[in-house]
Amino acid sequence: MISAQRQWILLLAGISIFLALGVHFLNQTPDDVFITLRYAANLAAGHGPVYNVGERVEGFSNPLLLVLLALLHLLMSDPRALVLAAKGLGLLAGLLTLLALYALARRDPEGADFRGWPPLLFALAGYPALWAASGMETALHALLIVVALGGYLRALETGRKAWRVLAGPLFALVALSRPEGIVFLFAALLARALLLWRDKRKPDAADAGFLALALAPILLYFLWRHSFYGAWWPNTFYAKASAGPATYADGLRYLLPAIGATLWGNALLLPLLLLGLLPWKKTSPRTLLLLLGIGAQAGFVVLGGGDWMLGWRFAVPAMAPVALLAPTILARLRDALHRQRLAEWFAGARGWIFLLALALPFAVNLYAVKQLGVRPSGWRGPTAHLFVDESYPAVADYLNTHRQPGDRLATGEAGAIVYLTGLPTIDCFGLTDAHLARVPGKRHEKVDPDYILGRRPTWLVIGGVAGPDDAPTSYFAYGRSLLAHPAVKENYRPVLRRDSFLVLQRRPAAVADE
């Protein structure tokens, strides 16, 4: 029996590492955070969950976080405070995930002696803290996954039918925190079906109740979405994952290195995850459900084409189930060592040497995660307004100073600049634009400059700009297509270049000709 005190020490170590990394990444805020804040601001103002007032496009994929941020908008108006509140929600969700992992591991029929390891391993992964501090929905999504999977597996382990039924709404919340969260419901249903098949049993009324309570909120949201937005799927689906085989190839390229990131930088640990399945007749509901949940997330990554952001955002939801498998695996390894009479070999100095060698990959992984910081560490305090690069508020300030009533903006940087200006905006990446999202092509390569310019934006803000002032180009496809378009050269003039941003204004003569 491993002492309870040692397990508490592991939990506290996990919390300390998580908080240290969270503070380190505090000064980093992805631009997508401000897209959600723009929707939340309009919702709080009574315009509904819209990006541009009067245009109904579902350009977000995090309904639960959006509602929470809309409520915060009613309590505070300072953008900096709202961004900090979003980050605080993420860090709180991350800490609650650590506690939930500990509580669930404590009930592990085989591995309760190792209950301190899941929160420590989740923290040592590093990436969960990065995304918790980002202000995005990743940490909330991961927390709800742990709670839903944990609630369902405890119902299976205890045989309490009422608990199984009540686990249904938890999976609905997972699906409402991110659209792909529904794959964990599929994993739960498949796990239950396999267990029933193995044990030669049939579904009961509790299974029907579970499915009904899980699907009802999701279906209601689908019906509301169609009535409000006129589409069955969010606009982000069309913008990101509608390119068929090319998208799947991108997803595979994302998945393979993501496996190593999920396993603390060491993909060689992958076979250990399968220990819990052997032998099949004794496979526990816990092991089966967690492995199917991990596989479901991997399937989404492939079908969705992966992610363009650094930091393995789409691997984080699988990191908690992987960590939760650790107690069972460690217990079985311990028992195997005792059966082979090898446990004594690891006593004394050899054991410490082995632990130090084991700790090395974790330390290397944490160092690699830490190096993802593109801004100064949060330990130095806030270094910029809104925790973003200074060029974003600088461009927004210029637009706010020179704008006129009725102006319209077109840009691929649809977050902070748009949120700070409040200008009606054409999102050139198509996340919040129904037409551009459905243009053929892969994510970030869908371009239709004639459509953008046909809406006669007053301002063009192009990101990823490089090259000389007289012949600029852009890293992004939309930027290159606009800069090369004859109408841009004829009707727009550059008025500001700040870092990788180029701001162009429609010439007065072009406006007068309309």
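Higher on the page you've got the structure.
Residues numbered from 1 in each chain as written. Predicted model: local features only at pLDDT ≥ 70, side-chain atom pairs only at ≥ 80, totals over all residues. Heavy atoms only, no water.

(A) Region of interest: the overall build of the protein. Counting secondary structure elements, the protein contains 23 helices and seven strands. Scaling as 2.2 N^0.38, a compact globule of 514 residues should have a C-alpha radius of gyration of about 24 Å, and the protein matches this with 25 Å. Dimensions of the protein, computed from the C-alpha atoms along their principal axes, are close to 85 × 55 × 45 Å. By sequence separation, contacts in the protein at least 24 residues apart represent 73% of the contacts at least 6 residues apart. If you sum the accessible surface of the protein, you get close to 22,700 Å²; carbon and sulfur atoms cover 66% of it. (Helix = DSSP H or I, 4+ residues; strand = E, 2+ residues; numbered from the N terminus. Rg over C-alpha atoms; globule rule 2.2 N^0.38 Å. Contact = heavy atoms within 4.5 Å. Areas by Shrake-Rupley, 256 points an atom, 1.4 Å probe, with all protein chains shown as cover.)

(B) Just the pairing of strand 3 (residues 459–462), in detail. Side chains of strand 3 alternate between two faces, with Trp 459 and Val 461 and Leu 460 and Ile 462 buried alike. Relative to strand 3, strand 1 (residues 409–411) runs parallel, the two sharing three bridges. Note that in strand 3 the partner of Leu 409 across the bridge is Trp 459. The pairing of strand 3 with strand 7 (residues 501–506) spans four bridges and is classified as antiparallel. Within strand 7, the position partnered with Leu 460 by the bridge is Leu 504. (Buried < 20%, exposed > 50% of the residue type's maximum accessible area, 1.4 Å probe, protein only. Pairing = 2+ DSSP bridges.)

(C) Spatial organisation of the packing of aromatic side chains. Counted according to the given criterion, the structure contains 24 aromatic pairs. Relative to Phe 237, the ring of Trp 233 lies with its centre 5.8 Å away and its plane at 35°, an arrangement referred to as tilted. Residue classification places Trp 233 among the partly exposed residues on the basis of a relative accessible area of 45%. When its relative accessible area of 36% is taken as the criterion, Phe 237 is described as partly exposed. Counting every residue linked through ring pairs, the aromatic cluster contains Tyr 39, Tyr 51, Phe 60, Tyr 221, Trp 224, Phe 228 and Tyr 229. The ring of Phe 228 has Arg 56 lying over it, and the distance from NZ or CZ to the ring centre is 3.9 Å. The cationic tip of Arg 313 hangs over the ring face of Trp 131; the distance from NZ or CZ to the ring centre is 5.9 Å. (Phe/Tyr/Trp six-rings, centres within 6.5 Å; stacked < 30°, edge-to-face > 60°. Lys NZ or Arg CZ within 6 Å of the ring centre and 35° of its normal.)

(D) Representation of a nonpolar patch on the surface in the model. Judged by side-chain polarity, Val 67, Leu 68, Leu 71, Leu 74 and Leu 75 come together as a nonpolar surface patch covering roughly 500 Å² of accessible area. Positionally, Val 67 belongs in helix 3 (residues 63–75). Since its relative accessible area comes to 42%, Val 67 is described here as partly exposed. (Patch = residues over 30% accessible without salt bridge, like charges linked within 9 Å, V, L, I, M, F, W, Y side chains within 5 Å. Salt bridge = Lys/Arg side-chain N within 4 Å of Asp/Glu carboxyl O.)

(E) Up close: the environment of Ala 331. Among the structural elements, Ala 331 can be located in helix 15 (residues 316–339). As a C-alpha pair, Ala 331 and Phe 114 span 217 residues in sequence and 7.4 Å in three-dimensional space. Excluding residues within four positions of it along the chain, Ala 331 makes contact with Glu 110, Gly 111 and Phe 114.

(F) Seen up close, the packing of helix 1 (residues 4–24) against helix 4 (residues 79–106). Running from amino to carboxyl end, helix 1 crosses helix 4 at an angle of 160°, the nearest separation of the two axes being 11 Å. By the angle class used here, helix 1 and helix 4 are roughly antiparallel. Where helix 1 crosses over helix 4, the handedness of that crossing is right-handed. Here Gln 7, Trp 8, Leu 11, Gly 14, Ile 15, Phe 18, Leu 19 and Gly 22 of helix 1 lie close against helix 4, whose contacting residues are Leu 91, Gly 94, Leu 95, Leu 98, Leu 99 and Tyr 102. (Axes fitted to C-alpha atoms, helices over the stretch in contact; angles between N-to-C directions. Parallel < 35°, antiparallel > 145°, perpendicular 65-115°, else oblique. Left-handed = near helix turned anticlockwise from the far one by under 90°.)

(G) Main features of the nonpolar core. Formed by 131 residues in total, the largest nonpolar core has its most connected members in Phe 34, Phe 171 and Leu 399. Ignoring sequence-local partners within four residues, the contact set of Leu 399 consists of Leu 409, Ile 417, Thr 421, Leu 423, Trp 459, Val 461 and Val 503. (Core = buried A, V, L, I, M, F, W, Y, C linked by side-chain atoms within 4.5 Å.)

(H) Quick look at the sheet that holds strand 7. The five strands are arranged 2-1-3-7-6 in an open sheet whose pairing can be described as mixed. The open sheet is flanked by strand 2 (425–427) and strand 6 (492–498), the only strands paired with a single partner. Between one strand axis and the next, the sheet turns by 20° as a mean value, whatever way the strands run. Sheet analysis places strand 6 next to strand 7, joined by six bridges and oriented antiparallel. Across the sheet, residue Leu 496 finds its bridge partner in strand 7, namely Val 503.

(I) A look at the environment of Leu 431. Following the sequence through the fold, Leu 431 ends up in the loop between strand 2 and helix 19 (434–437). According to the relative accessible area criterion, Leu 431 is buried, its value standing at 13%. With residues near it in sequence (within four places) discarded, Leu 431 still touches Ile 35, Glu 58, Gly 59, Asn 235, Thr 236, Ala 239 and Lys 240.

(J) Region of the structure containing helix 11 (residues 205–229). An ideal rise of 1.5 Å per residue puts 36 Å on 25 residues; helix 11 measures up with 36 Å between its terminal C-alpha atoms. Taking the largest bend as the criterion, helix 11 deviates by roughly 25°, centred on Leu 215, and proline Pro 217 comes between one and four positions later. Taken together, the buried positions of helix 11 are occupied by Ala 206, Asp 207, Gly 209, Phe 210, Ala 214, Ile 218, Tyr 221, Arg 225, Phe 228 and Tyr 229. The backbone nitrogen of Ala 206 lies 3.1 Å from a side-chain oxygen of the residue at the head of helix 11, namely Asp 204. Once helix 11 ends, the next one or two residues include Gly 230, with phi positive near 75°. (Expected span 1.5 Å × (residues − 1). Bend = angle between axes of the 7 residues up to and from the residue. Polar contact = N/O pair within 3.5 Å; in protein donor to acceptor, adjacent residues only side chain to side chain.)

(K) Geometry of the pattern of salt bridges. Throughout the structure, instances matching the rule amount to 20 salt bridges. In this structure, the salt-bridge partner of Asp 199 is Arg 201, at a minimum N-O distance of 3.6 Å. Assessed through its relative accessible area of 33%, Asp 199 is described here as partly exposed. Taking the relative accessible area as the measure of exposure, Arg 201 reaches 44% and is therefore partly exposed.

(L) Representation of the packing of helix 9 (residues 168–177) against helix 11 within the structure. Running from amino to carboxyl end, helix 9 crosses helix 11 at an angle of 30°, the nearest separation of the two axes being 7 Å. The pairing of helix 9 with helix 11 is recorded here as roughly parallel in orientation. Handedness of the helix 9/helix 11 crossing: right-handed. Residue-level contacts link Gly 168, Pro 169, Phe 171, Ala 172, Ala 175 and Leu 176 of helix 9 to Phe 210, Leu 213, Ala 214, Pro 217, Ile 218 and Tyr 221 of helix 11.

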